[in-house]
Amino acid sequence: PNGAPVVRLRRRFVLFVVLAIGLSVIFSWPREPRYAGKPLSVWLQELPSFGTRPGVEAANALRAMGTNALPTLLARIQAKVPLWKMKLNPILDKQHLVKFRFRASDFERAKAVVAFEILGPVAAPAVPSLVRALGSKEPRIRVCAAGALGGIGIATPEGVSGLIKLLGDQDHNVRFQAASALGAIGPASVRSLLVALENGNPSVQLAAMQALEWVFVNSWRHQSNSRSLRPGKPGFELEKVFGKPSG
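In this report, we go over the structure that sits alongside the text. Per-chain numbering applies: the sequence of each chain, read as written, is numbered from 1 onward. Totals for whole chains, interfaces and linings use every residue, but because this is a predicted model, local features are given only for residues with pLDDT of at least 70 and side-chain atom pairs only at 80 or more, for both listing and counting. Excluding hydrogens and water, the side-chain values take into account all heavy atoms of the structure.

**Re the overall build of the protein chain**
For helices the rule is a DSSP run of H or I covering at least 4 residues; for strands it is a run of E covering at least 2, with both sets numbered from the N terminus onward. Looking only at helices and strands, one finds 14 helices and 2 strands in the protein chain. Only protein chains enter the calculation, and the probe is 1.4 Å; a residue is then buried if its accessible area is under 20% of its type maximum, exposed if over 50%, and partly exposed in between. Counting across all 247 residues of the protein chain, residues that qualify as buried make up 42%. Every residue pair with non-hydrogen atoms within 4.5 Å of one another is taken to be in contact. Considering only contacts within the protein chain whose residues lie at least 6 apart along the sequence, 65% involve residues at least 24 apart. Put simply, the protein chain shows about 14200 Å² of open surface, and 57% of that area lies on carbon and sulfur atoms. Note on areas: Shrake-Rupley, 1.4 Å probe, and residue coverage restricted to the protein chains presented here.

Right under this line is the structure:
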């Protein structure tokens, strides 16, 4: 048919565009560290989503890569994949030459948050960048930046201040994650949270109470096998506010 050459030309053009976009993404992304012959991106795909225990092998790989993984993880936290790129995946699925596929930003960010939790305090150099990400216009980036800070678990004045501000965020998920992160950071956030309790905004007060409860429960679990806290131990002041946890 006369239209066949035109169709083939269009397919080649689309393939060329997809290849160009794929190469631009690959070369603009930070150079990934490798462990056991596999790049960081492959290890990240093996990580679970929020709230589930990571596999030992993937966790060990991340710990071995250490701070070398931070540029890639930060880039994923702040990644934005336009919808039109996602619509190219069905076209890519029709061919076998190019194996590259675009992934949703939420998927990439969720894996990065889990990775930060695995690295913990080792990821401290990433804290300033994550604090800046708390001010993103995109709620999902704010959520994941807060989650990453909670996973790292290091209290810095800038980090605590940024998370406290998010307790008044208009997005419920952002408020919840900020409270969770402050709870994970622990006693160093208590003074700021007690101040937040005096805020006239009910949403801020509720989020602050939730964070304080998490601080207390986490501190209580880690500090005392006998279920009693003494003055001078983290959580003692909170015990006076909330009483002992039941159970």
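On we go from here.
**Some details on the pattern of salt bridges**
Salt bridges are defined by distance alone: a side-chain nitrogen of Lys or Arg within 4 Å of a carboxyl oxygen of Asp or Glu. On inspection of all chains with the given rule, the structure shows 4 salt bridges. Within this structure, Glu 32, Arg 76 and Glu 108 form a network of salt bridges that share partners.

**A look at the nonpolar core**
For soluble globular proteins, the rule of thumb is that nonpolar side chains tend to be buried together. Within the largest apolar cluster, 55 residues are counted, with the highest numbers of intra-cluster contacts made by Leu 73, Phe 116, Leu 130, Leu 163 and Leu 167. Counting residues per element, this core draws most heavily on helix H9 (residues 139-152), at 8 residues. Every residue in contact with Leu 163, bar those within four places of it in the chain, is listed here: Leu 134, Ala 146, Leu 149, Ala 178, Ala 181, Leu 182 and Ile 185. Here, nonpolar core means buried Ala, Val, Leu, Ile, Met, Phe, Trp, Tyr and Cys residues that are tied together by side-chain atoms lying within 4.5 Å of each other.

**Side note on helix H3 (residues 56-65)**
Among all positions of H3, only Ala 58, Ala 59, Ala 61, Leu 62 and Met 65 are buried. The buried residues of H3 occupy an angular sector of 160 degrees when the element is viewed end-on, so they sit on one face. Residues Val 56, Glu 57 and Arg 63 are exposed on H3 and point more than 90 degrees away from its buried face. Picture the helix axis, draw a direction to every C-beta atom, and the arc is the one those directions span.

**What about the packing of H9 against helix H11 (residues 172-185)?**
Each pair of packed helices can be summarised by the angle the axes make with each other and by the distance between the axes. Note on definitions: angles span 0 to 180 degrees between N-to-C directions of axes, and those axes are lines fitted to C-alpha atoms, for helices only across the stretch in contact. Direction vectors running N to C along H9 and H11 enclose 10 degrees, while the axes themselves pass 8 Å from each other. By the criterion of interaxial angle, the relationship of H9 to H11 is roughly parallel. Along the contact surface, H9 presents Pro 139, Arg 142, Val 143, Ala 146, Gly 147, Leu 149 and Gly 150, while H11 presents Asn 173, Val 174, Gln 177, Ala 178, Ala 181, Ala 184 and Ile 185. Split into classes, the residues belonging to the contact of H9 with H11 amount to 9 nonpolar, 4 polar and 1 charged. Roughly parallel covers angles under 35 degrees, roughly antiparallel covers those over 145, roughly perpendicular covers 65 to 115, and oblique covers all other angles. Gly is placed with the polar residues, together with every amino acid not listed as nonpolar (Ala, Val, Leu, Ile, Met, Phe, Trp, Tyr, Cys and Pro) or charged (Asp, Glu, Lys and Arg).

**Quick look at the environment of Val 215**
Inspection of the secondary structure assignment puts Val 215 in helix H13 (residues 202-223). Taking the C-alpha atoms as reference, Val 215 lies 7.7 Å from Ile 185; in sequence the two are 30 residues apart.

**Points about the packing of aromatic side chains**
To describe a pair of aromatic rings, you give the distance between the ring centres and the angle between the ring planes. The aromatic pairing rule takes the rings of Phe, Tyr and Trp, using the six-membered ring of Trp, and pairs them if the centres are within 6.5 Å, calling planes under 30 degrees apart stacked, those over 60 edge-to-face and the rest tilted. For the coordinates displayed, the defined rule picks out 2 aromatic pairs. Measuring from centroid to centroid gives 6.0 Å for Tyr 35 and Trp 43, while their planes differ by 55 degrees, and the two rings are tilted. When its relative accessible area of 1% is taken as the criterion, Trp 43 is described as buried. Ring plane angle 85 degrees and centroid distance 5.5 Å describe the contact between Phe 176 and Trp 214, whose orientation is recorded as edge-to-face. On the criterion of sequence distance, the pair formed by Phe 176 in helix H11 and Trp 214 in helix H13 is long-range, its members being 38 residues apart. The exposure class assigned to Phe 176 is partly exposed, which follows from its relative accessible area of 36%. Its relative accessible area of 26% is what places Trp 214 among the partly exposed residues.

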